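Architecture and fold: a report
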Amino acid sequence: MAHGHKSDEKVVYVGDSRVKKSGRIDGTPPDYTAFPGKSEAFIPNFLLKEWMVGCVVLVGFLVWVMAEAAPLGYPADPTNASFIPMPDWYFLFLYQFLKYPYVSQDYVLLGTIGVPAIMFGALLLAPFLDTGKERRFYRRPIASSLMLLSLAAVTYLTVVSWSHYQDQLEEKGIVPEHHERAEKVREALERGEERPSFLKTDATPALIEADDPAFSIVEAQCISCHAADLGGGAGPSLIGIGNRLSSEEIAEIITHGTEGGMPAFEGMISDEEITQISEWLAKQTQS
Amino acid sequence: MFKSIYNWIDERLDITPLWRDVADHEVPEHVNPAHHFSAFVYCFGGLTFFITVIQILSGMFLTMYYVPDVIHAYASVDYLQHQIPFGKIVRGMHHFGASLVIVMMFLHTLRVFFTGSYKAPREMNWVVGMLIFFIMLGLGFTGYLLPWDNKAYFATKVGVEIAASVPYIGDYIASFLYGGDIVGAQTLTRFFAIHVFFLPGALIAMLAAHFIMIRRQGISGPL
Ligand code: HEM
């Protein structure tokens, strides 16, 4: 069935395609003659001014960015128990809110979904809750005062959260990690050193004097428990042992063992060998 | 030259109405700060868009160096910020821009609210705007984890723990975000994917809807 261009036809297709012909035939957008005053063409007059404002904003932004480096702390360490968690600033109000009684612990339901769901739900559905025709804010006392109240509450919660955090830092004498890190980098660079990376290297630190004959005795006797690199296994790591124990103390442990599972080597290896190992282990210090 | 290329394309595709729809319209007096200075409040939407574009561009450059895995993430951020030319500026723009865009969006929302512009016939545009708002918060939350420093790690941990306390679906949300039982390797790759693909995709779709609606309905009239 061919599509003729009959004027009484409901759907008119463009050419031979299945694309519907647009209702707005001449493509003219709605004009603003309904508005009083002097309107101005968007292109080029208004856009040009807008771009100039945009440039000023961009320059200001770039100056800010160049003056202040984006913060970076130390690498994430899940075992760090003393770190004070802080979300980004625009979440602080919620974070603080959840610390209050009646919205936390037994009542956490109210805190996580009760109040926020109502608040954000109301905001989302504002046009359907406030259906009056009046647009001026001073003629809409309920909507406006609810919004002002929420604004005040959010501001208050944010400020409280932030000053609480500052107090905590001061109390515990903590310098925020990104400041501390930046300071360390600056000092290292001033000393002419390489920029420190702060990454924990997984590689076990090298043993000191690994070619000492004592090490071959250790390899034969001890690595089944203390691991080949002495990094620890069934027995604790012996790396850096020289920081904590003297050669006499080590000899004592090797000779008599400990209750914690370290076997006594008295009689299994000679006293001389024990002395050798102890002296070598005592040299295993770490900075 | 340009004219003839334009005409050649226009003959085939009839693009004149298209760009007219985008650009050829009037700016009424009551939103033009050149006439009434107080009309600057109508600029916040445009400024939000401007910063959003900066975010998208600087983010694209960041992904050229950023490595989304737990071993390299931190080092790659450190490297791109300090060793790459302009790295400090690019990361700085993305970092501070993330705050700035929230501020601008907030001001824009307040302007729309206090001028009552969300009322009929613009209800749908307000709802789309709020969805954009949530997407932006989602971008902020997921982006915060990516540098993989302690601040990132523990804020995310607390955030997901809060989400996990929601009844019934909390555990599902948590395991969806964690990709496991803890903030770990899976969490980082997930947050990366959400931050650079899912949410920006949704954001662009919503912005398109936002702008089409504005062009259809025009800006709200003077108060
Ligand atoms: C990325 C975020 C956003 C961008 C880039 C954006 C952009 C814009 C722009 C350029 C306008 C034209 C008027 C103006 O500049 O003030 C506008 C209008 C509007 N926006 Fe947004 N917006 C965003 C988010 C939002 C949010 C969060 C809301 C509210 C929930 C919202 C609701 C509206 C409404 C209802 C209008 C029509 C206002 C009128 O006709 O007077 N927008 N938006």
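Residues numbered from 1 in each chain as written. Chains lettered and ligands numbered in written order. Predicted model: local features only at pLDDT ≥ 70, side-chain atom pairs only at ≥ 80, totals over all residues. Heavy atoms only, no water.

**Points about the overall build of chain A**
Scanning chain A for helices and strands turns up 10 helices and 1 strand. Written out in order from the N terminus, the α and β elements of chain A read β-α-α-α-α-α-α-α-α-α-α. Looking at the 287 residues of chain A, the share that counts as buried comes to 29%. Intrachain contacts of chain A at a sequence separation of at least 6 include 53% that bridge at least 24 residues. Just so you have it, chain A exposes about 19,200 Å², and 61% of that area is on carbon and sulfur atoms. (Helix = DSSP H or I, 4+ residues; strand = E, 2+ residues; numbered from the N terminus. Buried < 20%, exposed > 50% of the residue type's maximum accessible area, 1.4 Å probe, protein only. Contact = heavy atoms within 4.5 Å. Areas by Shrake-Rupley, 256 points an atom, 1.4 Å probe, with all protein chains shown as cover.)

**Focus on the pattern of salt bridges**
Taken as a whole and assessed by the stated rule, the structure comprises 12 salt bridges over all chains. Of the charged contacts, one joins A:D130 and B:K119 as a salt bridge, the two residues approaching to 3.0 Å between their closest N and O atoms. Here the residue A:D130 occupies a position in the loop between α4 (126–129) and α5 (141–172), and B:K119 occupies one in the loop between α5 (87–114) and α6 (123–145), the pair thus bridging two chains. Each member of the pair, A:D130 as well as B:K119, is classed as buried. (Salt bridge = Lys/Arg side-chain N within 4 Å of Asp/Glu carboxyl O.)

**Some remarks on the UniProt feature "transmembrane region" (unreviewed entry) in chain B**
All names here are of chain B. Residues given the UniProt feature "transmembrane region" (unreviewed entry) here are residues 39–67, 96–114, 126–146, 158–179 and 191–214. Helix makes up 73% of residues 158–179 and strand 0%, with an end-to-end C-alpha separation of 16 Å. Between the C-alpha atoms that bound residues 191–214 the distance is 32 Å, and the span itself is 100% helix and 0% strand. (UniProt positions renumbered as here; feature names shortened; annotations may be inferred.)

**A few points about the packing of aromatic side chains**
Per the counting criterion, the structure on display carries 24 aromatic pairs over all chains. Between B:W148 and B:Y153, the aromatic rings sit 5.5 Å apart at their centres with planes inclined by 85°, giving edge-to-face as the arrangement. The buried category is assigned to B:W148, whose relative accessible area is 7%. Grouping aromatic residues by their ring pairs yields a cluster made of A:F137, A:Y138, B:F113, B:F114, B:Y118 and B:W126. One cation-aromatic arrangement involves A:R140 over B:F113; the distance from NZ or CZ to the ring centre is 5.5 Å. Note that B:R12 overlies the ring of B:W8, its terminal NZ or CZ placed 3.9 Å from the centroid. (Phe/Tyr/Trp six-rings, centres within 6.5 Å; stacked < 30°, edge-to-face > 60°. Lys NZ or Arg CZ within 6 Å of the ring centre and 35° of its normal.)

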